[in-house]
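Observations on the three-dimensional arrangement
As a plain string of letters, each chain reads:
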Amino acid sequence: MKTHYYLGWFNNFFPDKLGRVLQEDITDRKSLVMISSNPLFYEDDGATERSWLDQAGILFDEYHLINYRVQKEDAQTLIQKASVIFLLGGNTVKQNEFLVEYELSDWIKNSSAIVMGASAGAINMSAKWLCSKNFGYNVETSSVYEGVGLDDFSILSHFDLENNMALVQEELSTLSEEMNVYASNKDCAVRIKEDKIDILGQVYLISHSKIQKMDETL
């Protein structure tokens, strides 16, 4: 039974509703495996994301961080044995390159673990995502990246939607003709459990160039 959490960013901790459903979903708590979004910067250790889980009372027997200090084969083994895989927030492009270099996507897809991602991590969990300077990336030309592809949609996570709705709709118009795009800001979550989608916070669906606010279900 696949369970995927596409998270925004939380300035404090998980909202109570999110903490409760995570408590219910995460029953196996042997090993949390975190995947860095800046794998050369070893101080980027996922402390913030881990604090959210700690605050929600979700503690694990073992904690592992995958970055360039971990050998490729060891990283793949850690993912294979993980209870929960958490793609950390930060640098979306560097994390994407790291996932490709370490050939982690298939291991993540084939894992029975619950998979979570925050901000950059959520974006990289999705099937495809748009790298555009209008979304804060240091690029001149926009391009579409392949994500892990856990679910057949795109995510724009942790972006200032409220003040940029027209820009977001225009930027994502082409991609939204190919697949659904879910756009969210802070304190949001999209949960996929089996084939059911649940929404927490202000999440918008962009489909065939049209944008609509999703109803909260969590």
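Report on the accompanying structure. Keep in mind it's a predicted model, so treat the numbers as computed, not measured. (Residues numbered from 1 in each chain as written. Predicted model: local features only at pLDDT ≥ 70, side-chain atom pairs only at ≥ 80, totals over all residues. Heavy atoms only, no water.)

When you go through the protein residue by residue, the secondary structure sums to 8 helices and 13 strands. With the C-alpha coordinates of the protein rotated into their principal frame, the extents come out at 45 × 35 × 30 Å. With 218 residues in all, the protein has 52% of them scored as buried. Sequence-distant contacts in the protein: of pairs separated by 6 or more residues, those separated by 24 or more amount to 72%. Per element, the accessible surface of the protein, about 10,300 Å² overall, is 44% carbon and sulfur. Looking at charge distribution, the protein has the averaged site of its 19 positive side-chain charges lying 3 Å from that of its 33 negative ones. (Helix = DSSP H or I, 4+ residues; strand = E, 2+ residues; numbered from the N terminus. Buried < 20%, exposed > 50% of the residue type's maximum accessible area, 1.4 Å probe, protein only. Contact = heavy atoms within 4.5 Å. Areas by Shrake-Rupley, 256 points an atom, 1.4 Å probe, with all protein chains shown as cover. Lys, Arg positive; Asp, Glu negative; His and termini not counted. Charge placed at Lys NZ, Arg CZ, Asp CG, Glu CD.)

So, on to the sheet that holds strand 11 (residues 196-200). Sheet architecture is open: 7 strands sit in the order 3-2-4-5-1-10-11, paired in mixed fashion. Two strands in the sheet have a free side with no partner beyond their single neighbour: strand 3 (62-66) and strand 11. Averaged over all adjacent pairs, the angle separating strand axes in this sheet is 15 degrees, with direction ignored. In this sheet, strand 5 (residues 114-118) lies alongside strand 1 (residues 3-7) in parallel orientation, the contact comprising 4 bridges. Looking at the pairing, tyrosine 6 lines up with glycine 117 of strand 5. (Pairing = 2+ DSSP bridges. Axes fitted to C-alpha atoms, helices over the stretch in contact; angles between N-to-C directions.)

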